[in-house]
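Understanding the architecture of this molecule
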Amino acid sequence: QEKIVKFGTINVNITARSVTKESVPVSLSLREFDLLAYLCEHKNTAIAKDKLISEVWGAFSEVEPSTLTVHIRWLREKLEENPAQPKYIKTVYKVGYILEVQE
């Protein structure tokens, strides 16, 4: 059973670890994909920054919050129409991030 999350023109196939935008493959690093997959699996739920870091990088990793911010920016640049005004990967003030998807 394939796990596929669709939003806008973006298809995320979690099972095959592939992403397409307007049917064109999008190249993501391993960490970018892991982050996107975690957001997809918890779509429409605000996730705290420290929770994202421990789930994506590992509970005992020494990752700075700025590292997460940079990875989110890279995802927005690759997936959003306007990365400065994200439609899907949104910042939740004083909490973390949310992948907002219309069901």
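We now turn to the structure provided with this report.

A look at the packing of helix 1 (residues 30–41) against helix 3 (residues 65–79)
- Relative to each other, helix 1 and helix 3 sit at 85°, their axes nearing to 10 Å. When the interaxial angle is binned, helix 1 and helix 3 end up roughly perpendicular. Mapping the contact onto sequence places Arg31, Glu32, Leu35, Leu36 and Leu39 in helix 1 and Leu68, His71, Ile72, Trp74, Leu75, Lys78 and Leu79 in helix 3.

A word on unusual backbone geometry
- The phi dihedral of glutamate 22 is positive, around 55°, even though this residue is not glycine.
- For glutamate 22, the position within the fold is in the loop between strand 3 (18–21) and strand 4 (24–25).
- If you check the backbone angles, asparagine 44 has positive phi at about 60° while not being a glycine.
- Topologically, asparagine 44 is positioned in the loop between helix 1 and strand 5 (47–48).

Topic: the packing of helix 1 against helix 2 (residues 49–56)
- Where helix 1 contacts helix 2, the axes come no closer than 10 Å and their chain directions differ by 125°. Between helix 1 and helix 2, the angle is such that the two are oblique. You can see that helix 1 and helix 2 cross each other, and the crossing is right-handed. Here Arg31, Asp34, Leu35, Tyr38 and Leu39 of helix 1 come into contact with helix 2, specifically with Lys51, Leu52, Glu55 and Val56.

Rules used in this analysis
Residues numbered from 1 in each chain as written. Predicted model: local features only at pLDDT ≥ 70, side-chain atom pairs only at ≥ 80, totals over all residues. Heavy atoms only, no water. Axes fitted to C-alpha atoms, helices over the stretch in contact; angles between N-to-C directions. Helix = DSSP H or I, 4+ residues; strand = E, 2+ residues; numbered from the N terminus. Parallel < 35°, antiparallel > 145°, perpendicular 65-115°, else oblique. Contact = heavy atoms within 4.5 Å. Left-handed = near helix turned anticlockwise from the far one by under 90°.

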